[in-house]
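So the chains spell out like this:
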Amino acid sequence: MKTTTDKNKITLRVDGQIYEGWKSARVETSIDQICRAFVLSVTDNFPGNKSFTRLKPGQLVELYVGDEKVCTGYITSKPISYDAQSVNVQVQGKSRTVDLVDCCSPWSAIAQQSSGGGQAQQTDEWADVKGKSPSTPNAKPVKASKRANLSWHNQTVEKIIADLCEPFGISVHCETSLASKHTNFTVNPGEKVVESINRLLTKDNLVVTDDEFGNLVIVEVGSAGKCFDRLKVGQNVLTGSSNWDASKIFSLYAVLGQHKGSDLEFGKQVSQDKGIAYDNRIGRYRLLVIKDTGQSSNSLNESRAQFEKDFRHADMMRSQHNVQGWRQTNGALWRPNSLVELEDPILQISGQFLINKIVLNLNQSGSITEIETISQDAYQRDGYKKPKGASGEATAKTDEWADVKGK
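No experiment lies behind these values; they were computed from the predicted model shown. (Residues numbered from 1 in each chain as written. Predicted model: local features only at pLDDT ≥ 70, side-chain atom pairs only at ≥ 80, totals over all residues. Heavy atoms only, no water.)

(A) Examining the overall build of the protein chain more closely. Helices and strands together make up the secondary structure of the protein chain, namely eight helices and 22 strands. Taking all contacts inside the protein chain whose residues are at least 6 apart in sequence as the whole, residues at least 24 apart take part in 68%. As displayed, the protein chain offers around 20,600 Å² of accessible surface, 49% of which is attributable to carbon and sulfur atoms. (Helix = DSSP H or I, 4+ residues; strand = E, 2+ residues; numbered from the N terminus. Contact = heavy atoms within 4.5 Å. Areas by Shrake-Rupley, 256 points an atom, 1.4 Å probe, with all protein chains shown as cover.)

Here you go:
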């Protein structure tokens, strides 16, 4: 592989060809998204290579910063514009996991038909949704036994997600033991793969993203380690901002659900699962009710309610800071899912924060890194215990919903 002496040079590698000399670039990665993206553009022709017409949507590409790979994916579009003086070519692309965002799983098609004929008939009729095509050599066909099963029973979250990704040739790497928890799951008709994955993750508040090789990764928050540099106003911070938007935070979160009954559990016991979380920092009564999906329980709903409270409050204080260059003083690229010390007296923010999004920008101003941070509490998974004496707490079984009625 050809190496570059410029550790910040952007290169795109396609079918053994190297394309460089980009005039502008934007590379975005985030732990809140399962698909990283990039936009590269050049005016006139590539220096030393006038065959930019070789680049076509759908091609598998590798994006490098210096010798470090930052994305493996596909060209999604290639806008071209020109005038009397120049031709402008833009290459837009996304990680291999883009197929999980755009596409439905084979099971979502089978499930839609399942109310009709028998199981053997489904296997034949849906042979055309196996997930294998000449343009996707890494994709694997769905086995007949899997196509016949519309649901997973007592399987780990990691196994279910791996099955959902298998037809698209995408590997799943897991960094947390929580994904080994067993659960039941059914794909909804017409559901996108990412929607299925999100429903699975919601139960345990797991975080899933992609890596530079186009794999799907179930991560532990902060697993990328601590940044070498700190972000400090007056030293390396060029600009900073925060919206401080309180429109999505509430004083009371109620998550409602239900689960399958039995001879021992029925009626209200299975149809009125409830979880409550209070945010005493809110000075007035504001209620948000969330309807849980799938098999629920009081403990799961309480955990979900607490997660919503923590995430929304942390999200209100989400901040963005720009620094010069793409690398820290030790030469490491700024990366998402790492922890950084932040000192910003203007925004009144100080302490250790989680980098949840990184954007590498190249334009006429040079190379700039946009760093978005959020409190680590946003992804807290600890079980929730209702505070004693919480305002509005139900005290009598005759009125179980007194704590959501307000005053």
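And the narrative resumes.
(B) Main features of the state of the cysteines. Summed over all chains, the structure comprises zero disulfides. Free of any disulfide, C103 has its nearest cysteine sulfur in C104, 7.6 Å distant. For C103, a relative accessible area of 26% translates into the label partly exposed. (Disulfide = S-S within 2.5 Å. Buried < 20%, exposed > 50% of the residue type's maximum accessible area, 1.4 Å probe, protein only.)

(C) Examining the sheet that holds strand β12 (residues 207-210) more closely. Read from one edge to the other, the open sheet built from three strands follows the order β10-β13-β12, with strand pairing classed as mixed. Two strands bound the open sheet, and with one partner strand each, they are β10 (172-174) and β12. On average, each strand axis in the sheet is inclined to that of its neighbour by 25 degrees, with strand direction left out of account. By the bridge criterion, three bridges tie β10 to strand β13 (residues 216-219) in an arrangement that is parallel. Within the sheet, the bridge partner assigned to C174 lies in β13 and is I218. (Pairing = 2+ DSSP bridges. Axes fitted to C-alpha atoms, helices over the stretch in contact; angles between N-to-C directions.)

(D) Representation of the nonpolar core. Core analysis: the biggest nonpolar cluster contains 35 residues, and I10, L12, W22, F38, L63 and W334 have the highest contact counts within it. Looking at this core, the elements with two or more residues in it are β1 (10-14), β3 (24-30), β4 (37-43), β5 (60-65), β6 (68-77), β8 (87-95), β20 (339-344) and β21 (349-363). Looking at this core, the element that brings in the most residues is β21, giving five residues. Formed by 26 residues, the second largest nonpolar core is a distinct cluster that contains I34, V193, V194 and I218. (Core = buried A, V, L, I, M, F, W, Y, C linked by side-chain atoms within 4.5 Å.)

(E) Broad picture of the side chain of T97. Position of T97 relative to the elements: it lies in the loop between β8 and α1 (98-102). Leave out the neighbours within four places in its chain, and T97 touches I34, C35, I170, D210, G214, N215 and L216.

(F) Up close: the environment of A314. Looking at the secondary structure, you find A314 in helix α8 (residues 298-316). Measuring from C-alpha to C-alpha, the distance between A314 and Y379 comes to 9.1 Å, with 65 residues separating the pair along the chain. Excluding residues within four positions of it along the chain, A314 makes contact with I374, S375 and A378.

(G) Region of the structure containing the pattern of salt bridges. A complete count under the given rule lists 20 salt bridges for this structure. Between E68 and R327 there is a salt bridge whose closest N-O contact spans 2.7 Å. With E68 in strand β6 and R327 in the loop between β19 (319-324) and β20, the pair connects residues that are 259 residues apart, well separated along the chain. On the accessibility criterion, E68 (28% relative accessible area) is partly exposed. On the basis of relative accessible area, R327 is assigned to the buried category, the value being 13%. Between E372 and R318 there is a salt bridge, and its shortest N-O distance comes to 2.9 Å. With E372 in strand β22 (residues 366-374) and R318 in the loop between α8 and β19, this pair connects stretches of sequence that are 54 residues apart. Since its relative accessible area comes to 14%, E372 is described here as buried. Residues joined in a network through salt bridges with shared partners are R26, E28, K357 and E370. (Salt bridge = Lys/Arg side-chain N within 4 Å of Asp/Glu carboxyl O.)

(H) How the structure looks around the pairing of β22. Looking at chain direction, β19 and β22 are connected through six bridges and run antiparallel. The partner of Q320 across the bridge, within β22, is E372. As paired strands, β21 and β22 are joined by nine bridges and run antiparallel to one another. Its bridge partner being in β22, N361 is matched across the sheet by I368. Taking the residues between adjacent antiparallel strands as the criterion, β21 and β22 are bridged by two residues.

(I) How the structure looks around the packing of aromatic side chains. Evaluated as defined, the whole model comprises four aromatic pairs. With 5.9 Å between their ring centres and 85 degrees between their planes, F250 and Y253 make a pair best called edge-to-face. Of the residues examined, F250 reaches a relative accessible area of 13% and is grouped as buried. Both rings, one in F307 and one in F311, keep their centres 5.9 Å apart while their planes meet at 15 degrees; by these two values the pair is stacked. Of this pair, F307 and F311 are both found in helix α8, four residues apart, which corresponds to roughly one turn of the helix. Taking relative accessible area as the criterion, F307 reaches 15% and is therefore assigned buried. (Phe/Tyr/Trp six-rings, centres within 6.5 Å; stacked < 30°, edge-to-face > 60°.)

Taken by themselves, the reported measurements are silent on function.
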